[in-house]
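Residue strings, one per chain:
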Amino acid sequence: MSDIEFEDVKTARKYIGDLIIAVLTDRIIVREAIKKFPNDVKDASIKCAYHALIHREADEDLRHRDLMYRDEQDNYLEQVARTLQQGNPLPKNIIKNYNQYYRDIQINHSVKFKNIIKKLCKFLNV
C-alpha cells in the first residue's frame, strides 16, 4: 500500500480511477496497482475499486477461458474508473453489492498479496 496522502476524497478517487485505467491498458499489473492504493481507505467507492481489482486478479484463469466474461469485467472496471476519474462516488447499488461481502474488511497493509488472493479464492469457493 502506498503512503500517499490526498487533500480530499475527490483527488484520491481520481488517482484510483487512473490506476484502474493503467491496469486496463496494461501499463501496470493489478498487484502494482494495489500497492499504490492509499493507506487507511475510508471512502466506500475506493474500497469497491480495490475489491474489484482483487476480483480481476482472482479471475485470471476464467478471463483466459471466457472472452465474453473478460470483456464484461473490463467494461465494468472501465465504468468504475471513469466515475472515479471524475471525482464522483460510485453508484449506491455498486457499493451495496460490495458491502454485503466486504462491510467489515479493512485493507490490511501487512498482509502479503498472495494471502489476499488465497482468502478471496477461499471465500469464492474456487
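None of these values were measured; they are calculated from a predicted model.

Conventions and cut-offs
Residues numbered from 1 in each chain as written. Predicted model: local features only at pLDDT ≥ 70, side-chain atom pairs only at ≥ 80, totals over all residues. Heavy atoms only, no water. Axes fitted to C-alpha atoms, helices over the stretch in contact; angles between N-to-C directions. Helix = DSSP H or I, 4+ residues; strand = E, 2+ residues; numbered from the N terminus. Parallel < 35°, antiparallel > 145°, perpendicular 65-115°, else oblique. Left-handed = near helix turned anticlockwise from the far one by under 90°. Contact = heavy atoms within 4.5 Å. Nonpolar A, V, L, I, M, F, W, Y, C, P; charged D, E, K, R; others polar. pLDDT = per-residue confidence, 0-100. Phe/Tyr/Trp six-rings, centres within 6.5 Å; stacked < 30°, edge-to-face > 60°. Buried < 20%, exposed > 50% of the residue type's maximum accessible area, 1.4 Å probe, protein only. Salt bridge = Lys/Arg side-chain N within 4 Å of Asp/Glu carboxyl O.

Asks: Explanation requested: the packing of helix 1 (residues 9–24) against helix 5 (residues 67–85) in the structure shown.
Replies: The packing of two helices is summarised by the inter-axis angle and the distance between the axes. At their nearest, the axes of helix 1 and helix 5 sit 7 Å apart, and the two run at 150 degrees to each other. The orientation of helix 1 relative to helix 5 falls into the category roughly antiparallel. The way helix 1 lies across helix 5 gives a crossing that is left-handed. Here helix 1 contributes Arg-13, Lys-14, Ile-16, Gly-17, Asp-18, Ile-20, Ile-21 and Leu-24 to the contact with helix 5, which in turn contributes Asp-74, Leu-77, Glu-78, Val-80, Ala-81, Arg-82, Leu-84 and Gln-85. Looking at side-chain class alone, the contact of helix 1 with helix 5 contains 8 nonpolar, 2 polar and 6 charged residues.

Asks: Please explain the confidence of the model for the protein chain as it appears in this structure.
Replies: Close inspection of predicted coordinates is inappropriate in any region flagged by low pLDDT. Confidence in the prediction of the protein chain, expressed as mean pLDDT, is 84, and 78% of residues score 70 or more. Ranking the elements of the protein chain by mean pLDDT puts helix 7 (residues 113–124) last, at 67, and helix 5 first, at 97.

Asks: Can you walk me through the packing of aromatic side chains in this structure?
Replies: Within the structure shown, the criterion is met by 1 aromatic pair. When the centroid spacing of 5.4 Å and the interplanar angle of 75 degrees are considered together, the rings of Phe-37 and Tyr-50 count as edge-to-face. Placement of the pair is Phe-37 in the loop between helix 2 (30–35) and helix 3 (44–58) and Tyr-50 in helix 3, with a sequence separation of 13 residues. The burial state of Phe-37 is the same as that of Tyr-50; both residues are buried.

Asks: Any chance you could explain the pattern of salt bridges here in plain terms?
Replies: Once the charged atoms of two side chains with opposite charge are near each other, the side chains can pair. Evaluated as defined, the whole model comprises 7 salt bridges. For Asp-74, the salt bridge is made with Arg-56, and the minimal N-O distance between the two is 3.3 Å. Placement of Asp-74 in helix 5 and of Arg-56 in helix 3 is noted, with a sequence separation of 18 residues between them. Side by side, Asp-74 and Arg-56 carry an identical accessibility label, which is buried. For Asp-71, the salt bridge is made with Arg-70, and the minimal N-O distance between the two is 3.8 Å. If you follow the salt bridges from partner to partner, you end up with Arg-56, Arg-63 and Asp-74 in one network.

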